[in-house]
Amino acid sequence: MTSKCVLGTKNDYWGNMMSFYNFIQRILFNTYEEWYMKSPLSNRHGFHIIGIDNSLKAMRDGYIMYTEIRPPHAIKGCTSMKAVVGKSDDLVDLYLKIDGKTYCISDLSYDETVQMMRLFVKKSVLPEGQTYKEVLESDNEKLQTAFAELAEVLIRDAKYTKLFLKKVHPQTIEAIEKAWYTLYEFLLYKGKAVELDWKTEKEDFISAIKKLSTDLTLEIDAASLDEDEGIYKWSEAVNRLWTDHVLTAMDIGSDSYVLMILTKEDFERAKTLARTLLHRLAPAEEM
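Only a predicted model underlies this, so the values are computations on that prediction, with no experimental measurement involved. (Residues numbered from 1 in each chain as written. Predicted model: local features only at pLDDT ≥ 70, side-chain atom pairs only at ≥ 80, totals over all residues. Heavy atoms only, no water.)

If you check helix α3 (residues 110–123), its first and last C-alpha atoms are 19 Å apart, about what 14 residues at 1.5 Å a residue would give, namely 20 Å. Looking at α3, one finds that the buried residues are Y110, T113, V114, M116, M117, F120 and V121. One side of α3 holds all its buried residues, which, seen down the axis, span an arc of 165 degrees. Facing away from the buried side of α3 by more than 90 degrees, the exposed set consists of D111, Q115 and K123. Positive phi shows up at S124, right after α3, with a value of about 60 degrees. (Helix = DSSP H or I, 4+ residues; strand = E, 2+ residues; numbered from the N terminus. Expected span 1.5 Å × (residues − 1). Buried < 20%, exposed > 50% of the residue type's maximum accessible area, 1.4 Å probe, protein only. Arc of directions from axis to C-beta.)

Turning our eyes to something else, we now look at the pattern of salt bridges. Should the charged atoms of two oppositely charged side chains come close, the side chains can pair. The final tally for this structure, using the stated rule, is nine salt bridges. The salt bridge involving E68 is made with R70; its shortest N-O contact spans 3.2 Å. The salt bridge partner of K233 is E236, with a shortest N-O separation of 3.4 Å. Note that K233 and E236 are positioned in helix α8 (residues 231–241) at a spacing of three residues, about one turn of the helix. (Salt bridge = Lys/Arg side-chain N within 4 Å of Asp/Glu carboxyl O.)

At a minimum axis separation of 9 Å, helix α4 (residues 140–155) and helix α9 (residues 264–276) run at an interaxial angle of 150 degrees. As the angle between them shows, α4 and α9 are arranged roughly antiparallel. As for the relative orientation of α4 and α9, their crossing is left-handed in sense. Taken together, the residues of α9 that come into contact with α4 (itself represented by K142, L143, A146, E149, L150, E152, V153 and L154) are D266, R269, A270, L273, A274 and T276. Among the residues making up the contact of α4 with α9, the classes are represented as eight nonpolar, one polar and five charged. (Axes fitted to C-alpha atoms, helices over the stretch in contact; angles between N-to-C directions. Parallel < 35°, antiparallel > 145°, perpendicular 65-115°, else oblique. Left-handed = near helix turned anticlockwise from the far one by under 90°. Contact = heavy atoms within 4.5 Å. Nonpolar A, V, L, I, M, F, W, Y, C, P; charged D, E, K, R; others polar.)

Strand order in this open sheet of seven strands is β2-β1-β3-β4-β5-β6-β7, and the pairing throughout is antiparallel. Each having just a single partner strand, β2 (42–48) and β7 (133–135) make up the two edges of the open sheet. Across the sheet, the axes of successive neighbouring strands diverge by a mean angle of 30 degrees, strand direction being ignored. Pairing of strand β3 (residues 66–70) with strand β4 (residues 78–85) involves four bridges; the strand directions are antiparallel. Within β4, the position partnered with Y66 by the bridge is V84. Lying over the sheet, α3 contacts β1 (31–39), β2, β3, β4, β5 (92–98) and β6 (101–108), oriented at roughly 165 degrees with respect to β4. (Pairing = 2+ DSSP bridges.)

Bringing the nonpolar core into the picture now. Counting 66 residues, the largest nonpolar core has I69, L154, L183 and M250 as the members making the most contacts within it. With residues up to four places along the chain from it excluded, the contact list for L154 reads L183, L187, K192, M260, L262, A270 and L281. Formed by 20 residues, the second largest nonpolar core is a distinct cluster that contains A208, L218, L225 and A237. (Core = buried A, V, L, I, M, F, W, Y, C linked by side-chain atoms within 4.5 Å.)

This brings us to the packing of aromatic side chains. Inspection of the entire model under this criterion finds six aromatic pairs. Ring plane angle 40 degrees and centroid distance 5.0 Å describe the contact between F164 and F186, whose orientation is recorded as tilted. Residue F164 is located in helix α5 (residues 158–167), and its partner F186 is located in helix α6 (residues 173–189); the two are separated by 22 residues in the primary sequence. Residue F186 is classed as buried on the basis of its relative accessible area of 17%. Ring geometry for F205 against W234: centres 5.4 Å apart, planes inclined by 45 degrees, an arrangement best described as tilted. Of this pair, F205 sits in helix α7 (residues 202–212) while W234 sits in helix α8; the two residues are 29 residues apart in sequence, bridging distant segments of the chain. (Phe/Tyr/Trp six-rings, centres within 6.5 Å; stacked < 30°, edge-to-face > 60°.)

None of the figures reported here should be taken as evidence of function without further support.
Here it is as structure tokens:
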């Protein structure tokens with residue numbers, strides 16, 4: 001009787017090579033190729049461990065609202081760890097998906113959160129069970145209401161807001177992500193916002209602000225704006241000049257500026273609603 005030697009398939013070979021490659025990246029370079037990170041700044045597989053520190057720093061500095069990491073497979077039942085800016089800007093709520101249920105540790109410091117997320121990635125360690133409690137899934141009705149109210153504030157036209165909301169019905173945080181960009185595109189289309197490259201020239205910046213303020217009596221002191229400065233400084237000068245309005249930027253996760261003009265009252269309301277949706281509106285000089 002002759003024996004047969006069964007060779008592995010090409011897929012087996014490449015699978016083993018990738019496993020070895022990922023092992024080397026993890027051990028030697030602290031890079032976790034099989035892990036997934038998502039935030040307004042990142043949406044990819046593979047990150048260096050320092051990426052956790054940098055993303056949480058961006059949260060603490062007010063640039064983003066959340067950071068989520070996911071392992072390549074469940075670790076002790078956990079498939080996701082998500083840090084969200086808490087009730088105050090210096091606190092974090094950490095959400096864990098474990099065996100299909102959602103748990104939360106509230107009011108953590110940023111340093112505590114970084115340590116917990118690092119331990120999860122590097123050593124497969126979860127926070128102590130008594131530190132987190134089960135929470136209900138996101139209130140879909142609350143999200144829909146917040147998004148509808150935000151659209152109303154930003155579009156500032158009941159007819160167009162109604163038309164827009166007929167097409168967009170975000171019911172989850174994941175759906176909000178897409179709806180946020182749909183709202184941004186609609187604001188551009190209706191002339192409620194303008195998008196400028198960060199290298200925009202002074203004349204183009206002034207032209208854009210005048211276009212946005214067509215129906216408003218807002219002063220623009222063009223002579224005080226230095227040619228060599230950029231949108232950040234020009235926006236700061238404009239917002240110092242205005243008393244009842246705010247030159248507002250909508251964060252779309254890019255280097256460009258999406259600008260609109262809101263009353264101070266509408267700005268505060270819109271900023272709070274955007275935060276509820278884990279997105280960001282800010283005075284243009286803070287973007």
